[in-house]
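Residues per chain are reported as follows:
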Amino acid sequence: MNRKYRKTIIAGNWKMNKTPSETKEFMTAFKGMMPKGRWCDVALCVPAVCIPAAVRAMRETRVGIGAENCNANASGAYTGEIATNMLVDAGCKYVIIGHSERRAMGETDADVNAKVLAALEAGLIPIMCCGETLEQRESGITSEWIAMQIKAGLQGVSEDKIRKVVIAYEPIWAIGTGKTATPDQAEEVCEHIRTVVRKLYSSKNARAISILYGGSMNEKNAFELLAQPDIDGGLIGGASLVPEKFLQIINAANQPTA
Ligand code: PGA
């Protein structure tokens, strides 16, 4: 983290877990535990049907609610899809874009790019995900792959909008596997992402964007990961489903670092 130049963000990604009723239960429990003082930005990205319950429960708090996907089109014949203005109207502040689980369902870099542009246009904060497979890491092409995903995902994002984008580095081999990247491995790629952004935009903006790590981040390893200079927060799956664990990660993000 580098609190001087950028925001620390702890974001939960619930994936396809919890019903609206369970959302309400989680939020009630979580609200009861939230510390009183100042803390980092916190986001909870939840299934679309849980957004109203989450927004209602968190209305008076500083927790921002987000969606896990969006459609890049403004409206029309896209059965089952949700447009960015619908998410805004429902009270969302964030939207996860290009998660590897969605890319595995066929989402391309061009789709990710269109969604990032649509999210920015609507005033949402896109959390754009990137990450390599184990095979790519082992064949030594992680840097090239990540640079390609970042460049493709950010095409057409203007200099004045780039600060609104949050990037999440999620090595696919670390997601849901309990196999976290080491702090050094995670830092190496997050630093590389910032370098890629610096080549595309001003160094001032590259310094200002928040880059999150995701992939089996939990209450035990969060502090060490967040202590890295280019890791500005976390995108947390499994551990964001349990209020106590999610809170411990937030607490880790609020500890003073050396
Ligand atoms: P995990 O998921 O924390 O359960 O590994 C992270 C993610 O996929 O965003």
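In this text, all values refer to a predicted model and were calculated from it rather than measured experimentally. (Residues numbered from 1 in each chain as written. Predicted model: local features only at pLDDT ≥ 70, side-chain atom pairs only at ≥ 80, totals over all residues. Heavy atoms only, no water.)

Caption draft 1: Inspection of the sheet that holds strand β1 (residues 9-13) at higher detail. Spatial ordering of the closed barrel is given by β1-β2-β3-β4-β5-β6-β7-β8, a layout of eight strands whose pairing is parallel. For this sheet, the mean inter-axis angle between neighbouring strands, taken without regard to orientation, is 25°. Pairing of strand β2 (residues 41-45) with strand β3 (residues 63-67), which is carried by four bridges, proceeds in the parallel orientation. Opposite Val-42, over in β3, you have Val-63 as the bridge partner. Packed on one face of the sheet, helix α8 (residues 183-200) meets β5 (125-130), β6 (166-169) and β7 (211-214) and runs near 145° to β6. (Pairing = 2+ DSSP bridges. Helix = DSSP H or I, 4+ residues; strand = E, 2+ residues; numbered from the N terminus. Axes fitted to C-alpha atoms, helices over the stretch in contact; angles between N-to-C directions. Contact = heavy atoms within 4.5 Å.)

Caption draft 2: Main features of the site of the ligand. What surrounds the ligand is a group of 13 residues, the closest being Lys-15, His-99, Glu-170, Gly-176 and Ser-216. The contact in question runs from an oxygen atom of the ligand to an N or O atom on the backbone of Gly-237, over 2.9 Å. Considering the ligand on its own, with 280 Å² of exposed area, one finds that the protein chains cover 94% of that surface. When the residues that make up the shell around the ligand are grouped by side-chain class, the tally is four nonpolar, seven polar and two charged. (Near = heavy atom within 4 Å. Polar contact = N/O pair within 3.5 Å; in protein donor to acceptor, adjacent residues only side chain to side chain. Areas by Shrake-Rupley, 256 points an atom, 1.4 Å probe, with all protein chains shown as cover. Nonpolar A, V, L, I, M, F, W, Y, C, P; charged D, E, K, R; others polar.)

Caption draft 3: Layout of the pattern of salt bridges. Evaluation of the coordinates by the stated rule reveals 12 salt bridges. Among the salt bridges present, the one from Arg-6 reaches Asp-232, with a minimum N-O distance of 2.8 Å. Within this pair, whereas Arg-6 is found in the segment before β1, its partner Asp-232 is found in the loop between α10 (222-226) and β8 (233-236), the two being separated by 226 residues in sequence. For the pair shown, Arg-6 and Asp-232 are each scored as buried. (Salt bridge = Lys/Arg side-chain N within 4 Å of Asp/Glu carboxyl O. Buried < 20%, exposed > 50% of the residue type's maximum accessible area, 1.4 Å probe, protein only.)

Caption draft 4: Main features of the pairing of β5. Among the six residues of β5, six are classified as buried, and the element is accordingly described as predominantly covered. What you see with β5 is no split at all: Ile-125, Ile-127 and Cys-129 on one side and Pro-126, Met-128 and Cys-130 on the other are buried throughout. The sheet contact formed by strand β4 (residues 94-97) and β5 spans four bridges and is parallel. Residue pairing across strands places Val-95 opposite Pro-126, the latter belonging to β5. The pairing of β5 with β6 spans four bridges and is classified as parallel. Among the inter-strand pairings, Met-128 is bridged to a residue of β6, identified as Ile-167.

Caption draft 5: Looking closely at the pairing of β2. Judged by how many residues are buried, β2 sits mostly within the fold: five of five residues are covered. Alternating positions in β2 separate into two faces, Asp-41, Ala-43 and Cys-45 on one and Val-42 and Leu-44 on the other, with burial throughout. In this fold, the crossover linking β1 to β2 by way of helix α1 (residues 20-33) has right-handed handedness. (Right-handed = clockwise from strand over helix to strand, strands pointing away.)

Caption draft 6: Structural context of the packing of aromatic side chains. Under the definition given, this model contains four aromatic pairs. Measuring from ring centre to ring centre gives 5.7 Å for Phe-30 and Phe-246, while their planes differ by 45°; the resulting arrangement is tilted. Here the residue Phe-30 occupies a position in helix α1, and Phe-246 occupies one in helix α11 (residues 243-253), the gap between them amounting to 216 residues. Since its relative accessible area comes to 0%, Phe-30 is described here as buried. An aromatic cluster is present here, built from Trp-14, Phe-26, Phe-30 and Phe-246 joined pairwise through their rings. (Phe/Tyr/Trp six-rings, centres within 6.5 Å; stacked < 30°, edge-to-face > 60°.)

Caption draft 7: The arrangement of unusual backbone geometry in detail. Unusually for a residue other than glycine, Lys-15 sits at a positive phi of about 55°. Following the sequence through the fold, Lys-15 ends up in the loop between β1 and α1. On the basis of relative accessible area, Lys-15 is assigned to the partly exposed category, the value being 21%. Phi is positive for Ser-216, close to 55°, though the residue is something other than glycine. Assignment of secondary structure puts Ser-216 in the loop between β7 and α10. What makes Ser-216 buried here is its relative accessible area of 16%.

Caption draft 8: Layout of helix α7 (residues 142-153). Compared with an ideal rise of 1.5 Å per residue, which puts 12 residues at 16 Å, α7 spans 16 Å between its outermost C-alpha atoms and is within 8% of the ideal. By the burial criterion, the buried members of α7 are Thr-142, Ile-146, Ala-147, Gln-149, Ile-150, Ala-152 and Gly-153. Each element contacted by the buried residues of α7 is listed here: α4 (100-103), α5 (109-122), β5, α6 (134-138), β6 and α8. (Expected span 1.5 Å × (residues − 1).)

Caption draft 9: Spatial organisation of the side chain of Glu-107. Tracing the backbone shows Glu-107 in the loop between α4 and α5. Overall, Glu-107 belongs to the buried group, its relative accessible area being 10%. Reaching out from Glu-107, the side chain makes a polar contact with the side chain of Lys-115 at a distance of 3.0 Å. When near neighbours in sequence (up to four residues on either side) are disregarded, Glu-107 contacts Asn-69, Gly-98, Arg-102, Val-112 and Lys-115.

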